Amino acid sequence: MLRYLVDQADLLHSRFALSPSFEVENLLRLFDGTGRHGPLPTGVAARLRPAFEHLRRTDPAMRALLALHHPQGGADFVAPPPTKGMLQTIDDDIAAVRAAPLAVARAEIAVSLAARPAADPDARAILASPDVTDLLADGLRRAWDALLAADWLQLRAICERDIVYRSGLLARHGWAAAVDGLHSRLRWRDGGIEVSRIADREVVVGGRGMTFVPSVFIWPGIAAHFDDPWDRCVIYPARGIGEWWGAPAAPPSSALEELIGRTRARILVALREPASTTQLARALALPVGSAGDHLRALRRAGLLDAARSGRSVLYHRTPLGDLLAGAGG
């Protein structure tokens, strides 16, 4: 049992955040078979695997990144805990990989290779290079551009929607309820945060606060950062990934369409999780301006409310909206 020891200062400094580098790293794990999560849905795997296989064949830095994966974990410095909260970008992550202390990188590489020795000589050469952090940062950038850059706006919106939901729990019920709802293996108990089946140790957070990161690719598992020098961090499955993974959304009923109109009924049913105007417009093939008009009308009618999350305004259903969508979806 991993147990984070937290105090009042830690609660004041705890936050939710995004981690683009963790998303691409965990996607690579799912493709190379070292991930403890997944598997990827057939449609997503079929679309992204050719680009992954091309990188694995042609890019030694990709093979070096893969060499750091093993079933018990991997090197934290290639996907470090985010430091900019909701504003974290892949550029921030790449800069953090480049800035990782060489001694820390060397120690984490040694642990990974001891758990799973690398057979590829080009990968071993990169991992032994004095420029290893720069070389791996470049490889991570190429993996991002080839695999996730085109989908990131949608994936980011899913994670932002999750954070709005968790922030609501936090505001209404406090950290205990917010933490307990993240994952079945995570719980708040006796002033600490416990994660089962990760490690058998106690970790002092020390006033720096915890970072909680929603992820699209970790479902149904959970991951954690707990070693120095990294911030204490828990990565958990984001809510609402079903549509991106290929689960079809239920259409609104004809009765709901008669009541509020077909487009507004589609929007109301689609808002099972909070979403921005842009995401709804893309998901429902609507002009952004038209989607915004409908959202404002639904909000005036008391069916929706809105909250700011980072640079986005996310709409979510009110209890009345939930009632109508539940009856008409």
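Note that the structure is a prediction, hence the values are computed from the model and not measured. (Residues numbered from 1 in each chain as written. Predicted model: local features only at pLDDT ≥ 70, side-chain atom pairs only at ≥ 80, totals over all residues. Heavy atoms only, no water.)

> How should the packing of helix α2 (residues 20–32) against helix α3 (residues 42–58) be read in this particular structure?
Geometry of a packed helix pair, given as the angle between the helix axes and the separation of the axes. Two elements in contact, α2 and α3, have axes whose closest approach is 11 Å; the angle formed by their N-to-C orientations is 90 degrees. Of the possible angle classes, the one that applies to α2 and α3 is roughly perpendicular. On α3, the residues touching Leu27, Leu28, Phe31 and Asp32 of α2 are Ala45, Leu48, Arg49, Phe52 and Arg56. Tallied by class, residues from the contact of α2 with α3 come to 6 nonpolar, no polar and 3 charged. (Axes fitted to C-alpha atoms, helices over the stretch in contact; angles between N-to-C directions. Helix = DSSP H or I, 4+ residues; strand = E, 2+ residues; numbered from the N terminus. Parallel < 35°, antiparallel > 145°, perpendicular 65-115°, else oblique. Contact = heavy atoms within 4.5 Å. Nonpolar A, V, L, I, M, F, W, Y, C, P; charged D, E, K, R; others polar.)

> Any chance you could explain the nonpolar core here in plain terms?
Most often, soluble globular proteins keep nonpolar side chains buried together rather than apart. Tyr4, Phe77, Leu136 and Phe212 are the most contacted members of the largest nonpolar core, which has 73 residues in total. In terms of residue count, helix α8 (residues 132–147) provides more of this core than any other element does, 7 residues in total. Those residues in contact with Tyr4 that lie beyond four places of it in its chain are Gly192, Ile193, Val195, Val203, Val205, Met210, Ala224, His225, Phe226, Arg232, Cys233 and Val234. (Core = buried A, V, L, I, M, F, W, Y, C linked by side-chain atoms within 4.5 Å. Buried < 20%, exposed > 50% of the residue type's maximum accessible area, 1.4 Å probe, protein only.)

> Looking at this structure, how should I read the packing of aromatic side chains?
What describes a pair of aromatic rings is the distance from one ring centre to the other and the angle between the planes of the rings. Tallied over the entire structure, the rule returns 5 aromatic pairs. Seen in terms of ring centroids, Trp144 and Trp152 are 5.4 Å apart; in terms of plane orientation they differ by 65 degrees. Their pairing is edge-to-face. By relative accessible area, which is 5% here, Trp144 ends up buried. Judged by relative accessible area, Trp152 falls into the buried class, the value being 11%. Joined through ring pairs, the aromatic side chains of Phe16, Trp175 and Phe212 make up one cluster. (Phe/Tyr/Trp six-rings, centres within 6.5 Å; stacked < 30°, edge-to-face > 60°.)

> Looking at this model, I keep getting lost on unusual backbone geometry. Mind explaining?
Outside of glycine, negative phi angles account for most residues, and trans bonds account for most peptide bonds. In this model, Trp219 is joined to Pro220 through a cis peptide bond whose omega is 0 degrees. In this structure, the amide linkage connecting Asp228 to the following residue, Pro229, adopts the cis form with an omega of 5 degrees. In the Ramachandran plot, Asp190 falls in the positive-phi region, its phi being about 50 degrees despite a non-glycine side chain. Structurally, the position occupied by Asp190 is in the loop between β3 (186–189) and β4 (192–195).

No statement about biological role is implied by the geometric values presented.
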